[in-house]
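Inside the fold
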Amino acid sequence: VFTPRIFSGIQPSGGLTLGNYLGALKRFAALQGQGAETIYCLVDLHAITVWQDPETLRRNIREGAAAFMASGVDPAQSILFNQSQVSAHAEMAWLFNTVARVGWMYRMTQFKDKAGKNSENSSLGLLAYPALMAADILTYQATAVPVGEDQKQHLELTRDIAAKFNHDYQTEHFPLTEPLIEGVATRVMSLRDGSKKMSKSDPSDASRINLTDDADTIAQKIRKARTDAEPLPGSIEGLKDRPEARNLVNIHAALSDETPDQVLARFEGQGFGAFKPALADVAVAALEPISRRMGEYMADPAEIDRILGQGAVRADEVATPILESTKEIMGL
Ligand code: ADP
Ligand code: NA
């Protein structure tokens with residue numbers, strides 16, 4: 001039996017979006033104090049699988065930590081740290097490189113997307129990324145991982161690695177970690193194209209809301225969001241074939257902690273001329289305090305470094321014994 005333990009991470013690759021907030025950060029905060037230990041991480045070793053400017057990366061690590069805390073992750077209730085400061089992650093990743101199969105890695109859709117046509121020229125780390133992610137999770141014997149829909153395939157691979165390790169070494173050392181893909185915002189879509197996920201790497205800034213956007217920018221992006229001319233139905237079922245409209249209703253519901261049907265009950269029969277200003281209001285009300293608190297944390301980088309340093313010490317205390325027992329099982 002494993003201690004109920006939640007682990008998740010976010011890459012400090014800059015420009016966190018409303019998708020990261022609703023799909024990850026907001027849920028990370030909500031899972032605190034619910035009976036499981038919560039361990040949250042900035043995954044800088046993942047970020048460098050594509051080249052990062054060193055000074056920018058250093059800043060993005062602090063900004064990421066500020067975003068966690070501004071979203072309600074409390075370093076007194078959760079362990080909050082930066083991946084490269086806990087060496088067990090990299091060491092466990094190597095052990096898992098010997099467990100995982102090459103073919104598993106080539107099947108990952110994120111690798112195919114990120115590597116593009118010239119995949120032979122991508123970093124080896126980009127291909128091995130899911131083995132490091134499995135290491136992040138299993139170095140804590142985490143039982144559950146809150147993630148967005150896009151990480152589902154990587155989570156399945158983590159379970160495959162745990163199962164193969166347990167089988168190959170005749171042990172029950174690793175849990176089969178449960179993905180927590182819950183709520184209406186597990187896949188927040190682009191504001192410009194209802195078939196693409198909202199992402200910090202989309203070339204169009206109008207496609208996303210950034211956590212640091214000011215109120216006017218948020219309102220303007222929502223006003224210009226692609227929609228249709230139909231009135232809104234009374235329930236989300238009626239938006240099956242209207243992805244852009246469905247996305248905006250889901251975003252509203254996630255921000256206001258309602259079901260989509262509760263939101264639609266207020267707008268049935270009305271158009272986006274009525275809906276968009278209401279959505280802009282809830283988005284600004286939710287995001288403005290976060291962006292203000294991020295600014296306050298960023299004004300004191302030494303304090304952020306201190307918090308991350310303390311988190312790394314606590315993470316290490318959990319991770320190192322699990323790494324050591326893993327090596328022992330393998331005969332190392
Ligand atoms: P990104 O995908 O933006 O590059 P990460 O890979 O660091 O960021 O993902 C951090 C977390 O945010 C993951 O749990 C991921 O599933 C979640 N996430 C990212 N984009 C979205 C989105 N558009 N909707 C919901 N969750 C998202
Ligand atoms: Na992602």
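Residues numbered from 1 in each chain as written. Chains lettered and ligands numbered in written order. Predicted model: local features only at pLDDT ≥ 70, side-chain atom pairs only at ≥ 80, totals over all residues.

As recorded in an unreviewed UniProt entry, the chain goes by the name Tryptophan--tRNA ligase, listed as coming from Paracoccus alcaliphilus. Quoted verbatim from the Catalytic activity (unreviewed entry) field of the UniProt record, the comment on the chain reads "tRNA(Trp) + L-tryptophan + ATP = L-tryptophyl-tRNA(Trp) + AMP + diphosphate + H(+)". The UniProt entry for the chain carries the following comment under Function (unreviewed entry): "Catalyzes the attachment of tryptophan to tRNA(Trp)." (UniProt positions renumbered as here; feature names shortened; annotations may be inferred.)

**Let's talk about the overall build of the chain**
What the chain contains, in helices and strands, is 13 helices and 5 strands. If one aligns the C-alpha atoms of the chain with their principal axes, the spans along those axes are about 65 × 45 × 40 Å. Within the chain, counting contacts between residues at least 6 apart in sequence, those at least 24 apart form 76% of the total. (Helix = DSSP H or I, 4+ residues; strand = E, 2+ residues; numbered from the N terminus. Contact = placed C-beta atoms within 7 Å.)

**Details of unusual backbone geometry**
Phi is positive for Gln 170, close to 50 degrees, though the residue is something other than glycine. For Gln 170, the location among the structural elements is in the loop between helix H8 (152-168) and strand S5 (178-180). When the 8 C-beta atoms within 10 Å are taken as the criterion, Gln 170 is described as exposed. For Asp 257, which is not glycine, the phi torsion reads 55 degrees and is therefore positive. (Buried ≥ 20, exposed ≤ 12 C-beta atoms within 10 Å, placed from the backbone.)

**Thoughts on the site of ligand 1**
Around ligand 1, the structure places 18 residues, and the nearest of them are Gln 11, Gly 19, Gly 23, Gly 148 and Val 188. In terms of residue count, the dominant contributor to the shell around ligand 1 is helix H1 (residues 18-30) (4 residues). Among the residues making up the shell around ligand 1, the classes are represented as 6 nonpolar, 8 polar and 4 charged. (Near = placed C-beta within 6 Å. Nonpolar A, V, L, I, M, F, W, Y, C, P; charged D, E, K, R; others polar.)

**Some thoughts on the domain arrangement of the chain**
Split into domains, the chain comes out as domain 1 (5-186 + 300-330) and domain 2 (205-295). Between domain 1 and domain 2, the C-alpha centre-to-centre distance is 30 Å. Tallying the contact residues gives 13 residues for domain 1 and 12 residues for domain 2. Contributions of two or more residues to the side of domain 1 that touches domain 2 are made by H1 and helix H3 (54-70). (Domains from an automatic or database assignment.)

**Description of H1**
Maximal helix bending in H1 amounts to about 30 degrees, located at Ala 24. Counting buried positions along H1 gives 12 out of 13 residues, so the element sits mostly inside the fold. When H1 is considered as a whole, its buried residues turn out to be Leu 18, Gly 19, Asn 20, Tyr 21, Leu 22, Gly 23, Ala 24, Leu 25, Lys 26, Arg 27, Phe 28 and Ala 29. (Bend = angle between axes of the 7 residues up to and from the residue.)

**What about the environment of Ala 70?**
Relative to the helices and strands, Ala 70 is located in helix H3. Each C-alpha atom, one on Ala 70 and one on Ala 29, is 9.9 Å from the other, the two residues being 41 residues apart in sequence. Each residue touching Ala 70, except ones within four places of it in the same chain, is listed here: Ile 290, Arg 293, Met 294 and Tyr 297.

**Describing the nonpolar core**
Counting residues in hydrophobic clusters, the biggest one holds 93 residues, and the most contacted among them are Ala 65, Phe 96, Ala 134 and Ala 283. When residues in this core are grouped by element, the largest group, 9 residues, is from helix H12 (residues 272-298). Both domains that meet at this core, namely domain 1 (5-186 + 300-330) and domain 2 (205-295), each give it at least three residues. Setting aside chain neighbours within four positions, we find Ala 65 in contact with Leu 42, Leu 80, Ile 304, Ile 307 and Leu 308. (Core = buried A, V, L, I, M, F, W, Y, C linked by C-beta atoms within 7 Å.)

**Digging into the packing of helix H9 (residues 215-223) against H12**
Between H9 and H12, whose axes approach to 9 Å, the crossing angle comes to 145 degrees. Both H9 and H12 take part in a crossing whose hand is right-handed. The residues of H12 that touch H9, namely those facing Ala 215, Ile 218, Ala 219, Ile 222 and Arg 223, are Lys 276, Leu 279, Ala 280, Ala 283, Val 284, Leu 287 and Glu 288. Taken together, the residues that form the contact of H9 with H12 break down as 9 nonpolar, no polar and 3 charged. (Axes fitted to C-alpha atoms, helices over the stretch in contact; angles between N-to-C directions. Left-handed = near helix turned anticlockwise from the far one by under 90°.)

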